[in-house]
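# Chain and residue survey
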Amino acid sequence: MAIKINREKKPAYTERVSRVYNLGKMSIISLLDMTTIADDPKLEYAADISDEVFDKVSADNFVATKDLQAYMTPTLIDTGNARVLVDTGLGFGGLMKSLKQANIDASSIDVVAITHMHPDHIGGLMTDGKPNFPNARYVVGSKEYNFWRKTEKGNIVGDLVANKLTPLAEKTTFIEDGGTITKGITAMASYGHSPGHFCFRVESEGQQIVLTADLANHYIWSFARPDWAFKFDFDTKEAAISRRRVLDMLATDKIPMIGYHMPFPGIGYVETRNKGFRFVPASYQLHKR
């Protein structure tokens, strides 16, 4: 088959830390905050599973068992009326680099919406006590915020919430399941990974995408075996129920997703496979043109 090439467009060979997609009248931008290599993933994803089973599932899916490459991917949604940043990374500067590469000034962000309050999602809210997104309003889940706000001093997440989010409370809207972040973006309860974990459903002109945040944290193990207990889930049983429910909905309705810890840029589809699921990375289907 011959492929017609537009020779007026110059190819880009440099590494990119942002990707732009179409969704109706909206633009969806994946932004890489950071990526790192983590050791001994079995302790996190399959501590209660035998080595034999873990090794077989991994081998069947062409993935190593001794280490993994982890990604953190905030998302920017340009609705046409507002720029909405979903999650803010760890706060080590990667997100700000990605925004700069995408030609987006941090001061132009209108809304910062938080899926949940783990450090890799709220660490980039502030730097040295100053908001990184000075003109934004903030949207967070009431259940999530109220839980961490009441934790004892010395809790890592609770302390981070006190330092990074509570100072912004006057500019923050607290929402429940089904709450609206802005027109076209709504919160979906997916509790378990954290007490008030949200996915966000984004809709424009009949098209949808779901930002699944930490619903599923690995593109193989969390999908192929959604009932495996993940070490960092707050309630492993509730997390497994949420994971299976949302993944089944995405597979049934053929709705694309962006997973915060999927291989960058994190966007893909879900299909059912055996008693679990498979993450299918998107290629060019939603590319911005």
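Residues numbered from 1 in each chain as written. Predicted model: local features only at pLDDT ≥ 70, side-chain atom pairs only at ≥ 80, totals over all residues. Heavy atoms only, no water.

Overall, the coordinates contain ten aromatic pairs when judged by the stated rule. Summarising the aromatic geometry, the rings of Phe-147 and Trp-148 are spaced 4.8 Å apart at their centres and angled 90° between planes, so their arrangement reads as edge-to-face. Trp-148 gets classed as buried once you look at its relative accessible area, which sits at 8%. Following the ring pairs from residue to residue traces out a cluster consisting of Tyr-45, Phe-54, Trp-221, Trp-228, Phe-230 and Phe-232. Here the basic side chain of Lys-143 rests over the ring of Tyr-191, its NZ or CZ set 3.9 Å away from the ring centre. (Phe/Tyr/Trp six-rings, centres within 6.5 Å; stacked < 30°, edge-to-face > 60°. Buried < 20%, exposed > 50% of the residue type's maximum accessible area, 1.4 Å probe, protein only. Lys NZ or Arg CZ within 6 Å of the ring centre and 35° of its normal.)

Taken in spatial order, the seven strands make up an open sheet running S12-S13-S14-S15-S16-S17-S18, and their pairing is mixed. Edge positions in the open sheet fall to strand S12 (180-182) and strand S18 (276-281), since each of these has one partner strand only. Averaged over neighbouring strand pairs, the angle between their axes works out to 35° when direction is ignored. Helix-sheet contacts for helix H8 (residues 236-253) involve strand S13 (185-189), strand S14 (198-204), strand S15 (207-213), strand S16 (257-259), strand S17 (267-273) and S18, and the interaxial angle to S17 is about 100°. (Pairing = 2+ DSSP bridges. Helix = DSSP H or I, 4+ residues; strand = E, 2+ residues; numbered from the N terminus. Axes fitted to C-alpha atoms, helices over the stretch in contact; angles between N-to-C directions. Contact = heavy atoms within 4.5 Å.)

This part takes up the side chain of Ser-30. Positionally, Ser-30 belongs in strand S2 (residues 26-31). With relative accessibility at 0%, the residue Ser-30 sits in the buried group. At 2.9 Å, the side chain of Ser-30 forms a polar contact with the backbone oxygen of Pro-265. Ignoring anything within four residues of it in the chain, the contact list for Ser-30 reads Val-17, Ser-18, Arg-19, Tyr-21, Thr-73, Pro-74, Ile-258, Phe-264 and Pro-265. (Polar contact = N/O pair within 3.5 Å; in protein donor to acceptor, adjacent residues only side chain to side chain.)

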